[in-house]
Amino acid sequence: SPSPSPPLSSAPSSATSSASPSRQPASAAKSDGPEPSYSSVVTGYELYHHPHPFPLEYGGMLPEFHLAYETWGTLNAAKDNVILLTCGLSASSHAKSQPKNTRPGWWEKFIGPGRALDTDRFFVVCTNNLGGCYGSTGPSAIDPRNGIRYALRFPLLSVKDMVRAIFHLLDDLGIGKLHAVVGSSLGGMQSIAAAAMYPERVGRLVSISAAAVSHPMSIALRYAQRQVLMADPNFGEGDYYSGEFPWQGMKLAREIGTITYRSGPEWEQRFGRERNEQRPSLNADFVIESYLEHQGKKWCLQYDPNSMIIISKAMDLFTMEDRGVDGQPDLAKGMTPIQMPSLIMGVQSDILFPSWQQKQIADILREVGNQYVVYYELDALYGHDTFLIDVVNVGAAVKGHLEQSKDNEDLD
């Protein structure tokens, strides 16, 4: 039977009422700007069980695993209308509302009849990442070998391990070749990896706000998040499941994350130097500070800290480089199998995955002979979160790519 979800709801209520000594003004949430829709998902998904040992890239092994997944649309008789939607670090399989879970999903407005992922045409599959905590096997799951939670005894994962797990699910569903794989952020890394690992099974590639090689700056930012989380006195080397939840570390980690997900120009426009109090203080004096506290408190109980550690480390380790003839890392060699039509998108205001990284992907694909590469760079305010928010521009580009015949590709 599947392992239970982590007891996130058992965290102390003080996480949402007294996480800091600051007075919380009415403007703390500052709701006059768009925000992604993320929520803790504990029901409404299907479960794939892989009952066999699953060796991992960095030498570890899982004796078995579960993957949570959800689907939308209708699988046709040929099973060739499938879009695999890969997700970000903390996202669940719940990308879109559906009868078993009617809450809005994290890509709610991008999926449905006539939308970017048109469910009148396509059968969309989305999983919770291996290593996650929304139904898939991760650190909060029970290790069947000893009956206790893995915690940080969970083996290190790679992004490619996550992709291989998803393709085991696709095998189980009888799906041979995908119409496309679509992903953003970590999901964009996974979509690139899937296209390179299984080129005969991927018809089209969409990668948004991702990278072919993790950059030192994004590695440093994720490292800082892990460090503040692990410094929480309740973290207890990851064995907190039967004790106090490390909500304060999670809150601070999310505040750092929020800074990397949005942009200075947006916050200049949205918050400026607006203050909560007339007299300066060491509390949340500026509205932007209240906003960060609100984001941290809102999210800190929704995700398993150990999953954040394991998956963010997989992102740090990600590279599409392969060993070249001289024995050195060779990105072109690792990207050569990707010859299918490819849409690569970046956002000028993204500081976590700067747009030059997406341009690098497009350039290297052209360099290795891919004749069907389209690169879009959006001048959007919302930084890395643009892929969750800009339905008009992101959605239109994705829809056009997915529905275009190969004979009519625009080459640029």
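The text that follows walks through the structure, step by step, so that each part is easy to find. (Residues numbered from 1 in each chain as written. Predicted model: local features only at pLDDT ≥ 70, side-chain atom pairs only at ≥ 80, totals over all residues. Heavy atoms only, no water.)

Notes on the packing of aromatic side chains
Defined as follows: Pairing of aromatic rings covers Phe, Tyr and Trp, the last through its six-membered ring, and needs centres within 6.5 Å; plane angles under 30 degrees mean stacked, over 60 mean edge-to-face, and all others mean tilted. Burial classes: relative accessible area under 20% of the type maximum marks a residue as buried, over 50% as exposed, and values in between as partly exposed (1.4 Å probe, protein chains only).
Within this structure, the stated rule accounts for 14 aromatic pairs. Ring geometry for Tyr240 and Phe245: centres 5.9 Å apart, planes at 80 degrees, overall edge-to-face. When the ring of Trp267 is compared with that of Phe271, the centres are 6.4 Å apart and the planes differ by 65 degrees; the resulting orientation is edge-to-face. Neither Trp267 nor Phe271 differs from the other in exposure class; each is buried. Pairwise contacts between aromatic rings join Phe235, Tyr240, Tyr241 and Phe245 into one cluster.

Considering the side chain of Ser90
Worth spelling out the cut-off: Only DSSP runs of H or I covering at least 4 residues are called helices, and only runs of E covering at least 2 are called strands; the numbering of each starts at the N terminus. By definition in these notes, contact holds between two residues if any of their heavy atoms fall within 4.5 Å.
Take Ser90: it is sitting in the loop between β5 (82–86) and β6 (111–112). Excluding its chain neighbours within four sequence positions, the residues that come into contact with Ser90 are Tyr134, Arg254, Trp299 and Tyr303.

Remarks on the pattern of salt bridges
The criterion, for reference: Criterion for a salt bridge: a side-chain nitrogen of Lys or Arg within 4 Å of a carboxyl oxygen of Asp or Glu.
In the structure shown here, the tally under the stated rule is 20 salt bridges. Note that Asp143 and Arg145 form a salt bridge whose closest N and O atoms lie 3.0 Å from each other. A relative accessible area of 7% means that Asp143 is categorised as buried. Shared partners join several salt bridges into a network, and the residues in it are Asp118, Arg121, Lys399 and Glu403.

Quick word on unusual backbone geometry
Look at Ala151: it is not a glycine, yet its phi comes out positive at around 50 degrees. Among the secondary structure elements, Ala151 is positioned in the loop between β10 (148–149) and α1 (159–172).

Topic: the sheet that holds strand β12 (residues 205–208)
Quick note on the threshold: Each pair of strands is called paired provided DSSP finds at least two bridges between the two strands. Whenever a helix is involved, its axis is fitted only over the stretch in contact; in every case the axis is a line through C-alpha atoms, and angles between N-to-C directions fall within 0 to 180 degrees.
What the 8 strands build is an open sheet, ordered β1-β4-β8-β5-β11-β12-β15-β16; its pairing is mixed. At either end of the open sheet lies a strand with only one pairing partner, and these are β1 (46–50) and β16 (373–378). Ignoring strand direction, the axes of neighbouring strands in this sheet form an average angle of 20 degrees. Taken strand by strand, helix α2 (residues 186–197) contacts β5, β11 (180–184) and β12, and its axis lies near 150 degrees from that of β11.

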